[in-house]
Every structure is written in structure tokens, then in C-alpha cells.
Amino acid sequence: MPISLNDDCALLEGYIDITDVDILHPWLQQNPTSAVDVSDCTGAHTAVVQLLIATGATVAGAEGTEDWRQYLTSGREYYAKENA
Amino acid sequence: MNALLAQFVAESRDLIEAASKALLDLEQNAQDKEQIDQLFRAVHTIKGAAGLFEFTPLTKTVHAGEDLLDTIRAGDVPFTSDVADVLLEMLDRCVDWLDQVEAQEALNEDAAAIGDALSQRLRALIDAPGIGAIPELSDAAPEDTALPWPDDVPALPVSGAVTLVTYTPSVNAFFSGDDPLRTVQSTPGLVWSRIVSPKEWPTSDDLDPFLLHISFRLVSSASQDELDAHFAYVSDEVTYEAIVSAGDAPAEGAIDEGLRAMAEQLLVSQRSLLASDQASPAEDHCTASVAVVLQRVAQAVSIELSPELDADNPRATIDQWMAILGAALRKPEPKAVAAPPAVVEEEQADEPETIKQTASPARANSHLRVSSERIDALMNLAGELIVAKNAMPFLAQRAETMDETGELVREIKAQHNTINRISEELQSAIMQIRMVPMSTILSRFNRLVRDMSRKLGKEIQYVVEGEDTEADKAIVDELAEPIVHLIRNSIDHGLEDPVTREASDKPRVGTIQVKAYQLEESVVLEVLDDGKGIDVDGVIAKALERGLVDQDKVNNMTRTDALQLVFLPGLSTKNEVSDLSGRGVGMDAVASMVRRLGGSISIFSEKGRGTKITMKLPLSMAVQRLMMVEIGDGLYGVPIDRVVESQKIKSSSIRRHRNAEMVVLRDRLIPLVRMRNLFACPDVEDNDILSVMVVDVDGRESGLIVDKFHPGVDAIIKPMTGVLSSYQCYSGTALLGDGSILLALNLREIIECQYH
């Protein structure tokens, strides 16, 4: 399973599909201050990214990346690798 | 027609209406950015929706229109009346095409050719606008047409023009299997992108994670073709802007935009002057004059021209100068680049500017779109119910004879009251649905006035008052034609040209005013102009010449009465038929249209000051309240809104003048009509007390002497059909609750009969 949940952290691994929103959303509602670790996350559906932004989730492992995870940093901006 | 297509047609019509209005407003104020945006959005939405169906000519034409509007919005093409003409023509064409789609679910065969021609004309305006018709500029690299770097896009290491894409996917994008972020991430030439959050997020509990709330801004270095191909499936959700970074912009930037545009325009005109006069004897003078103009332009924009003018070959120097000025006068440099990427804060995405660009047009979902036929059917049924409930009092009467205790009668009466109340409420509820504001028709005449004033070279302002006044849709729709005619008449015959107006101390710009207001149970429409007014003597002379009235009658007429002669069939005061205000269709047509709707019309005019035409119409045509009168054992109905008063008078108070009988009521002299005589009923013994019903017909009062007054009744008046339709003195028939038939009187005809 690409999502492992416990009380203080949600660990996202591999590609997180739109269907996983059903698991992640209730967890975020219950643990609004817990971190979501995307260090091993290779990709996510728009719905997942939107959910993380909308709920203001604390995201770990996005800073300093050069891929899509830049959207999860405060600027919500992505700079393509060769230009970044 | 399938439901989707029907909705497309209905929505597109609304959008076209909105676009036309925005276009006309824009003509008044070309700088109104909001109107440009609204116009653009309307056209953009039509294009998007048309793309769902295979109406290629429609899509293509609207697309060209959208592109033109986009350049206008960006300030690259000035908005002029000529541009408005072509855009209005495009909207007219769309209306035609929608009619075709509605009728046959396809476009006519000629649509492709018409569409091609029209889109070419639209595109020609983009490619060769008033200020940019120079080949060098239209072939220019994207940098020259690009917009300055937007403030909300961080500085990026790109060179030359790049494309800024704003991608606003539909809120239901996930349900159609879209993954917009993936689309963004796979954009060819992607340099940068940002997720734009909505202004406010729902709380975590209220959030529906399967609805899409975010949108995207991205910068790509790919060509427009590549981007078009990439976003092909969501083409109506993306907008493109070419932007250029600060480093690539021309070095100068201090030239004021207005000055720059003017200088550029001068440059264009000089170029065409040189091109047209080459090899003509005037060439030398022409070159010299161009040189002077270029020097002045350079001076005005503080640009040094070099080299000095070569007297032997001025043409070569001028070409060099042109190049220098051309380069200097291209688009102004982009604004300074915003803060570096790392410190761009999230709030920036919430700036109103960004929201405005990404917001899709709001959709009202609290409204139902119902076809008017369904409402009509409902209205007819409610009308039938009202007539059917009228049977209950008769039923009660019959029950009285059978039921001695009176209990049944009481019950029937109680039930009648209940049904009466409900049916009246039902009727008024349906009436409310059918009520539409006058603005639905009045606003479209803007266009008529604009086109006609341009054609005739008159300056006219069109003023509408009371456009929120509501009336039955049927009445409002039917009114459109008479009003068009009246406005045309006013423009064509009433308002003078600017020179004549100024000569007679009037403002240069003529005014046509349409006023709508509610008066009791009627809606009143006035069409006023401040033109030259109507020549009453001319009207009288013409009426006499045509034998429409005799001299005797004319002698007894007031000026106001004489003016009403314009409504007589066969009287047209303008000798030649103009191609604008109808071919031979005169005021009589307007009058008959208004009267057919159960309304009345009157005219007031003052020579040199203007004309006012007043139309009074019932608020609704469906159910009418009639006052019943008895004449020689027959029952007749008179529309209650025509009844001024009902009086019993002494026969001794009647005054006679030759054959005419009159009575003075409240200081007014009222001519009398003996209805028994008119209907050829046998004479009765002279009654000392007479029942007089005073009615108002076209502003004139007359007293009808009837046998007896009866109570009022709600009835649906059906027009007379078959053989009966030739009896002009009845306007229709109505079914009464006891199954008998009531003839509704056509008062106008009755009064006319009396006089002839």
C-alpha cells in the first residue's frame, strides 16, 4: 500500500492515485497537525496535491526537491530542472 | 432536438445578446475594460460550447472573433466603429446559424463559405490594424507583439518571447478522468508553473476532494502549435499570452504609450505615402514631406536620427530613419521583474488580478430554463380552471331550488370561495413566471439606433427609462415590432440631421427616448423624440386628399384629434418610401398591432419640438376581467380596464345636437351611443332612467347606453373564427360558467360605427 498511516505521520510511497484520497482525507481531518512525508513519493494525482494544499497539511520531504514536489512547498511553484 | 443541443442554442442566444450589449456599450466607451472582458468571455464561451458540436463554420468564425477581441483586450488593436461593425456582423451571423441549428440541427450548405469569408475579415483586422499595417511589424517576431512580463510570474532564465498559459480546468475535471497536474507537468517546453489556489478554501470537513478548485499558470518555451496540440482536449480551459522578459525588450522605454501609438501611426502613414507615390511626378515633394514628418516624430520621442539627410538620395536616408524609428517605437519594454522565485508568497496567488483571470463565468444554477410553450399550456389550464369555477355559482343557484335546508348551497358556496382563491393565486403565480422585464426587448434597439444613425449620418442617443417594468412575455414580445417601427419612424422622419438641428438651436445630438411604466392593470410605453414633430396640417390635407375624412369632420376636430388621423390605414405623410422605415407599412400597422393586443395608442406632437407616441397595453393577455352589460336580452362583455365609470342618468339630462346625443358628466361632455339602436333591437318604452357605461377608447371617452349592468367576470377571450370573424364589432367570445357564450365588444369599432 502506497500510504502508511499512523498518528503522527502519513508516509506516502510510490504513486498516489486519486482513490487514495479516500484514505488520506479522513486521516488529515483527524490528524490536522501531523506531518505527511513525501520523501519516497514518486508522483501524485492532482486530487492528492490539491488535498494537501487545501487542508494546509504539514508536508515533509518536499523542500529542495527538483520534481513535482516543489508544488508542495510554500510557493506552490515548480521550476523545470534544466532551468531551475 | 437533443437536450444538449437545445441548451447550447438557448445559452448561446443569451450570450450573443450579452455580447451585443457589451459591444454597443464599448462603442460609447472604448476604454471600458470590464465590457471588453465581458464581451471576450461571452464569445469565448460560445466558441467553447460550439466546439462540442460539429458546426465548424460557427466555431471557426467565433474563434476568429475571439482572437480579435483578445488583441483588442491586449491593446494591440484599437477598438473602432469599423471593428464593432464586423463583430456585430459576426454576432448576427451566429444568430442566423443558431436559427438554422434549431430548425434543422445542421447549418446550411453555404455556411462554410460565409464563415470563411467572415473569419478572414475578422483576422484581417488582427493582422492589419489601424496602427500596425506595416509588413515589418505584422511579420515581426513574437517579441514585438508580446506583452510585458506579468508581475506574478517570477524572473525566469528564458530568452525571447515565451508563452504564459493560464489553465483553468473544470470543477468536475476528475469525473471526466482528467489529471490536470499531469497535463501541466507534461507541457512541452515547460519552464515554470504555479498552482493557483481559490480565494478561500472550504474547511477540511466541507472539502469535497473530488471537485477541482485549483488552476494553473505556466510558462512554456514551446511554439504555439505545440501548445495547441498539447492542450487540444481542454482548449476552452486555457488561454495563452505571449510574454517577453525584461532583458529582451528594446532598450528604450520612456516613451509615453499614447505618444508611442501616435508616432507609430504617423510612421505607418508615411510608409504608405511613400509606397503609393513612388514613380509619380509628386515623388520629390512627397519624400521631402516624409523627411520632415520623420524628423518631427524623432524629436517628439527624443530619438536621434542618423545619418543626416542625403540630398542626392533622400529615399535611402528615409529608409534608414524608418528602421531606427520602427525599432524604437515597437512595444514598450516590460515592467521590471518581480521578486525572486524563492520569496514569492502564496498569497500572491490570491491577488484579485489572478482570480479575475482564472475565474470562469459564474453559472446561476438556481434558475430553470423552461420552454414558453410549457408555461403557456399551464396558463391555459389555469384559465380554464377559472372559467370552470365560474360554473359553481350557477350550480349553487340550481341547488337552491332543490335543497330546502340550504346546507348544500352553503357548502357549494364555501367550496367556490376556496377554489376561487386557489385558482386566482395559481393564475397570479403563473403570471409571475410569464412576466419579463421590458429590457429584454428595449436593450436590443440600441443596435437599431446605432446602425440607422450611422447610415443616415444623424447623431442620436437612445435613452431607455423603466426597462425593469414587467409585463407578460407575450405582450413584450409582440411589442417589439411596433417599437422598432416607431423608432425607425422617429430616426428617419422625426430627427433632423446635426446641421439642421444646430441651425434651429437644438443640441446636435438628437434623442430618442423609450419610457415604460406600469399604470394600474396596464403597461404604458412611450416613444419620444425631440425631432421636427408632425405637421398636423399636412396630415389633415393628406387625409382629405385620400378621402379618409370629410371636411365637416375636420372642422370639428381639435388639433390633437386631427393628429390621430396618422393611424388611419392608407395615410402616409412621407411621399417617397424610404428603405429604412418600412416599405409602405405606416403608423396604421403599428396601431392595428397594438389594438390586436387589446391596447390603445395615441400620438402627441409639437411642430419643431418632437413627437410622443403612447401605447397602453394590458399586463397580460390570458385572462381578462370583463364587465357584463345587457343589451336587448343579450349579454355582452366590456374589458374592465376600458370602463371609466357606470352611471344612471336621467333622459332629460341628454343634450342633442343634430343627431348626436351627449351628456355632461363631471364637467365633461360625453357623446352617447345607444347600443339598442346600434344592434337594431326593437325600441322599448322610453325609460326615464338610463344606464350609461363610460368607456375610454384611444383616450376619448364615450357613453354606451345599455339596458342593464351585470357583475364582472374573469374570462378567456377567444378570437372570433370562421364566418363570425367578419363581425368587426366583437373582439372575441368567452365561455361563461353556465355554458352560455359571452360576446366581447370591440369598443373602437362600435364608436366608429356610431360616427359613420
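As the structure is a prediction and not an experimental result, all values here were calculated from the model.

Enquirer: Quick one: what's the story with the interface of chain B and chain A, residue by residue and with numbers?
Expert: With 27 residues of chain B in contact, the opposing surface of chain A contributes 25 residues. Those elements giving two or more residues to the side of chain B that touches chain A turn out to be helix H8 (180-185) and strand E3 (190-196) of chain B. Counting residues per element, the side of chain B that touches chain A draws most heavily on E3(B), at six residues. With three bridges connecting them, strand E5 (residues 77-79) of chain A and E3(B) associate as antiparallel partners.

Enquirer: Tell me about the sheet that holds strand E3 (residues 35-44) of chain A, residues and numbers included.
Expert: Residues and elements named next belong to chain A. One open sheet accounts for four strands, arranged E1-E2-E3-E4; its pairing is mixed. One side of each edge strand has no neighbouring strand; the edge strands of this open sheet are strand E1 (3-6) and strand E4 (58-60). Each strand of the sheet is rotated relative to its neighbour by a mean of 25 degrees, with strand direction disregarded. Note: strand E2 (residues 9-16) against E3, seven bridges, orientation parallel. Its bridge partner lying in E3, Tyr15 is registered against Gly43.

Enquirer: Quick one: what's the story with the sheet that holds strand E19 (residues 689-697) of chain B, residue by residue and with numbers?
Expert: Residues and elements named next belong to chain B. As summarised here, the arrangement of the six strands in space is E15-E19-E20-E18-E17-E16, forming an open sheet in which the pairing is mixed. Taken across any chain shown, the strands that pair with only one partner, and hence form the sheet edges, are strand E15 (643-650) and strand E16 (655-657). Neighbouring strand axes in the sheet, compared pairwise and without regard to direction, differ in orientation by 35 degrees on average. Pairing of E19 with strand E20 (residues 700-706) involves seven bridges; the strand directions are antiparallel. Among the inter-strand pairings, Val694 is bridged to a residue of E20, identified as Gly703.

Enquirer: Residues and numbers for the confidence of the model for chain B, please.
Expert: Residues and elements named next belong to chain B. Within chain B, residue pLDDT values average 80, and 87% of them lie at 70 or more. Mean pLDDT across the elements of chain B bottoms out in helix H6 (residues 135-138) (36) and peaks in strand E4 (residues 215-220) (93). Ignoring residues within four places in sequence, the model shows residues 249-253, a span with pLDDT below 50, making ten contacts including any to other chains. This complex was scored by the predictor with a pTM of 0.47 and an ipTM of 0.95.

Enquirer: Explain the environment of Phe709(B) residue by residue, including any values.
Expert: All names here are of chain B. When you line up the elements, Phe709 lands in strand E21 (residues 708-715). Overall, the presence of 17 C-beta atoms within 10 Å leaves Phe709 in the partly exposed class. Placed 73 residues apart in sequence, Phe709 and Tyr636 show a C-alpha to C-alpha distance of 10.0 Å. The contact partners of Phe709, leaving out residues within four places of it in the chain, are Val629, Ser646 and Ser691.

Enquirer: Explain unusual backbone geometry to me, using residue names and the numbers behind them.
Expert: Positioned with a positive phi, Arg76(A) is a non-glycine residue whose angle comes to about 55 degrees. In this structure, Arg76(A) sits in the loop between E4 and E5. The backbone of Asp633(B) sits at a positive phi, close to 70 degrees, despite the residue not being glycine. Tracing the backbone through its elements, the reader meets Asp633(B) in the loop between strand E13 (624-631) and strand E14 (634-639).

Enquirer: Report on the pairing of strand E11 (residues 600-606) of chain B, specifying residues and quantitative values.
Expert: Residue and element names in this part refer to chain B. Note that E11 and strand E12 (residues 610-618) share seven bridges and pair antiparallel. Its bridge partner lying in E12, Ser600 is registered against Lys616. Connecting the antiparallel pair E11 and E12 is a turn made up of three residues, with Gly608 showing a positive phi of about 85 degrees.

Enquirer: Lay out the environment of Thr59(B) in plain terms, naming residues and giving numbers.
Expert: All names here are of chain B. Along the chain, Thr59 turns up in helix H3 (residues 56-73). Spatially, the C-alpha atoms of Thr59 and Gly115 are 8.9 Å apart, while their sequence positions differ by 56 residues. Other than its neighbours up to four places away in sequence, Thr59 contacts Lys47, Ala50 and Gly51.

The rules behind the values
Residues numbered from 1 in each chain as written. Chains lettered and ligands numbered in written order. Predicted model: local features only at pLDDT ≥ 70, side-chain atom pairs only at ≥ 80, totals over all residues. Contact = placed C-beta atoms within 7 Å. Helix = DSSP H or I, 4+ residues; strand = E, 2+ residues; numbered from the N terminus. Pairing = 2+ DSSP bridges. Axes fitted to C-alpha atoms, helices over the stretch in contact; angles between N-to-C directions. pLDDT = per-residue confidence, 0-100. Buried ≥ 20, exposed ≤ 12 C-beta atoms within 10 Å, placed from the backbone.

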